[in-house]
Amino acid sequence: MALYRTELALDRTTLAWIRTGLAMGGFGFGMVAFFRSLEEQAHGARSLQLHQDAIKMGAALIFLGVVTTGFAGKAHWTAIRKIRRGESPALGRWPLVLTLVILSGLLGLAGLWEIFAR
């Protein structure tokens, strides 16, 4: 029963990561669609540039969502293989959440740089 509970817990964790990746990607698609529609109404070079930067940020969120989901799938696959071989599914040296935090932070810093550098 312990093995069964462990696999179910792993499934729940992976589904949470997938939900997070889909939320980031969905928000990115929403940003792109929203700012594309506003871009048509933009008057002036500054306004147009802000809309284009927001579209880039949305595309980056889509990319981050895809990467997050891919990493979650790989981590799940690796842990399941270890469990089924009878090994301990010990945490890796580089946790998935740390990767997401660093990528999100870099994305945020890049967005701030784009906004305030001009």
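What you see is a predicted model; the values in this text were computed from it and never measured. (Residues numbered from 1 in each chain as written. Predicted model: local features only at pLDDT ≥ 70, side-chain atom pairs only at ≥ 80, totals over all residues. Heavy atoms only, no water.)

Student: Describe the overall build of the protein chain, and please don't skip the residues or the numbers.
Tutor: Helix and strand counts for the protein chain stand at three helices and zero strands. A globule of 118 residues ought to have a C-alpha radius of gyration of about 13 Å, yet the protein chain, at 19 Å, is considerably larger. Principal-axis analysis of the C-alpha atoms gives the protein chain an extent of 65 × 25 × 15 Å. Taking all 118 residues of the protein chain together, the buried fraction comes to 26%. Sequence separation of at least 24 residues holds for 76% of the intrachain contacts in the protein chain that already meet a minimum separation of 6. As displayed, the protein chain offers around 8300 Å² of accessible surface, 70% of which is attributable to carbon and sulfur atoms. (Helix = DSSP H or I, 4+ residues; strand = E, 2+ residues; numbered from the N terminus. Rg over C-alpha atoms; globule rule 2.2 N^0.38 Å. Buried < 20%, exposed > 50% of the residue type's maximum accessible area, 1.4 Å probe, protein only. Contact = heavy atoms within 4.5 Å. Areas by Shrake-Rupley, 256 points an atom, 1.4 Å probe, with all protein chains shown as cover.)

Student: Explain the nonpolar core to me, using residue names and the numbers behind them.
Tutor: With nine residues, the main nonpolar core is built from Trp17, Met24, Met31, Leu61, Leu64, Ala72, Leu96, Leu100 and Leu107. Elements supplying a minimum of two residues to this core: helix H1 (2-39), helix H2 (45-84) and helix H3 (96-116). (Core = buried A, V, L, I, M, F, W, Y, C linked by side-chain atoms within 4.5 Å.)

Student: Explain the environment of alanine 9 residue by residue, including any values.
Tutor: In this structure, alanine 9 sits in helix H1. Alanine 9 gets classed as partly exposed once you look at its relative accessible area, which sits at 29%. For the pair alanine 9 and isoleucine 62, spaced 53 residues apart in sequence, the C-alpha separation works out to 27 Å.

Student: Got a sec to walk through the packing of H1 against H2? Specific residues and values, please.
Tutor: Each packed pair of helices is defined by two parameters, the angle between the axes and the distance between the axes. At a minimum axis separation of 8 Å, H1 and H2 run at an interaxial angle of 165°. As judged from the angle between their axes, H1 and H2 are roughly antiparallel. The way H1 lies across H2 gives a crossing that is left-handed. Broken down by class, the residue content of the contact of H1 with H2 amounts to 24 nonpolar, 12 polar and five charged. (Axes fitted to C-alpha atoms, helices over the stretch in contact; angles between N-to-C directions. Parallel < 35°, antiparallel > 145°, perpendicular 65-115°, else oblique. Left-handed = near helix turned anticlockwise from the far one by under 90°. Nonpolar A, V, L, I, M, F, W, Y, C, P; charged D, E, K, R; others polar.)

Any link to function would need more than the numbers given here.
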